[in-house]
Amino acid sequence: MLVLSRKKGEGITLDQNITINILSIEGDRVRIGITAPVDMRIYRNELLEETIHTNREAVNAPLLNLSALD
Amino acid sequence: MIVETRFGTSETSENKIIDFPSGIPGFEELHKFIIIEAENTKPIYWLQSIENKHIALPVIVSFEIINDYNINIRENELEDIRLESKDDLLILNVVVIPEDARKMTVNLAAPVVINAKRGIGKQIIIDAAELPLRYPVYEAIRNSLKGGEKDACTLAEKG
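Residues numbered from 1 in each chain as written. Chains lettered and ligands numbered in written order. Predicted model: local features only at pLDDT ≥ 70, side-chain atom pairs only at ≥ 80, totals over all residues.

(A) Region of the structure containing the overall build of chain B. Check the secondary structure of chain B and you find four helices and eleven strands. The C-alpha radius of gyration of chain B comes to 15 Å, within 12% of the 15 Å expected for a compact globule of 159 residues. For chain B, the proportion of its 159 residues judged to be buried stands at 40%. Long-range pairs, those at least 24 residues apart, make up 58% of the contacts in chain B with a sequence separation of at least 6. (Helix = DSSP H or I, 4+ residues; strand = E, 2+ residues; numbered from the N terminus. Rg over C-alpha atoms; globule rule 2.2 N^0.38 Å. Buried ≥ 20, exposed ≤ 12 C-beta atoms within 10 Å, placed from the backbone. Contact = placed C-beta atoms within 7 Å.)

(B) Quick peek at the nonpolar core. Core analysis: the largest hydrophobic core is formed by 44 residues, its most contacted members being Leu47(B), Leu57(B), Val59(B), Ile60(B), Leu92(B), Val95(B) and Ile114(B). Residue assignment for this core shows that the elements contributing at least two residues are β4 (32-36), β5 (45-49), β6 (56-60), β7 (89-96) and β9 (112-115) of chain B. (Core = buried A, V, L, I, M, F, W, Y, C linked by C-beta atoms within 7 Å.)

(C) Spotlight on the interface of chain A and chain B. Taken residue by residue, the interface counts 23 residues in chain A and 30 residues in chain B. Along the lines of polarity and charge, the residues of the side of chain A that touches chain B split into twelve nonpolar, five polar and six charged. (Nonpolar A, V, L, I, M, F, W, Y, C, P; charged D, E, K, R; others polar.)

(D) Region of the structure containing the environment of Glu51(B). Residue and element names in this part refer to chain B. The residue Glu51 is located in the loop between β5 and β6 in this model. A C-alpha to C-alpha distance of 8.9 Å links Glu51 and Val3, two positions 48 residues apart in sequence. Setting aside its immediate chain neighbours within four residues, Glu51 contacts Leu30 and Lys32.

(E) Focus on the sheet that holds strand β3 (residues 29-35) of chain A. All names here are of chain A. Strand order in the open sheet formed by three strands is β1-β2-β3, and the pairing between neighbours is antiparallel. Strands at the two margins of the open sheet, each flanked by one partner only, are β1 (11-14) and β3. If you compare each strand with its neighbour and ignore which way they point, the axes differ by 20° on average. (Pairing = 2+ DSSP bridges. Axes fitted to C-alpha atoms, helices over the stretch in contact; angles between N-to-C directions.)

Structure (structure tokens):
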């Protein structure tokens, strides 16, 4: 893993078309601005982790009879 | 062909198998799934692995159940499933059903997009405030049972 140290207002460019800027730092919270091609999917890592979690939970579904529920 | 499913043996055909080249998050090692109907669970269908009979994810066609479900699928994501026509696109969302089924939720942030014609699928992740990972869906499902709904199994059948 490449590790870089950045200050507020500084940025990083990836592959010419993605830029990541450090907008502000307040305590342990960093605000990041990302400029990337519109087709590029950007999401917070916890969304993938939570999706893995919900998928694994989903297969434990009890067998149910929906029409019998009210 | 006969496949083993969570619900017993099931008859299916090659052209109903959906390939997930990168698997499904949490089940990356499984690539071949079919959509099956189980008795008494409609409009919930099951995305059943044909490689591991114990793995069947309950799914719904959210567009037919949740009125304002609206997502933006990127061009490259459609290319990933080699979609040529929007008519072949089937979108499913995974449902988590706890012991108390009334508390079931649906993952609206991670739709499973399927090219029903070619049988290629992928679960994508969309980071948007209006798309919760655990959206309570029981009431909407109950309401849809009162109305008509399309048949996901038919939608997934390839021409």
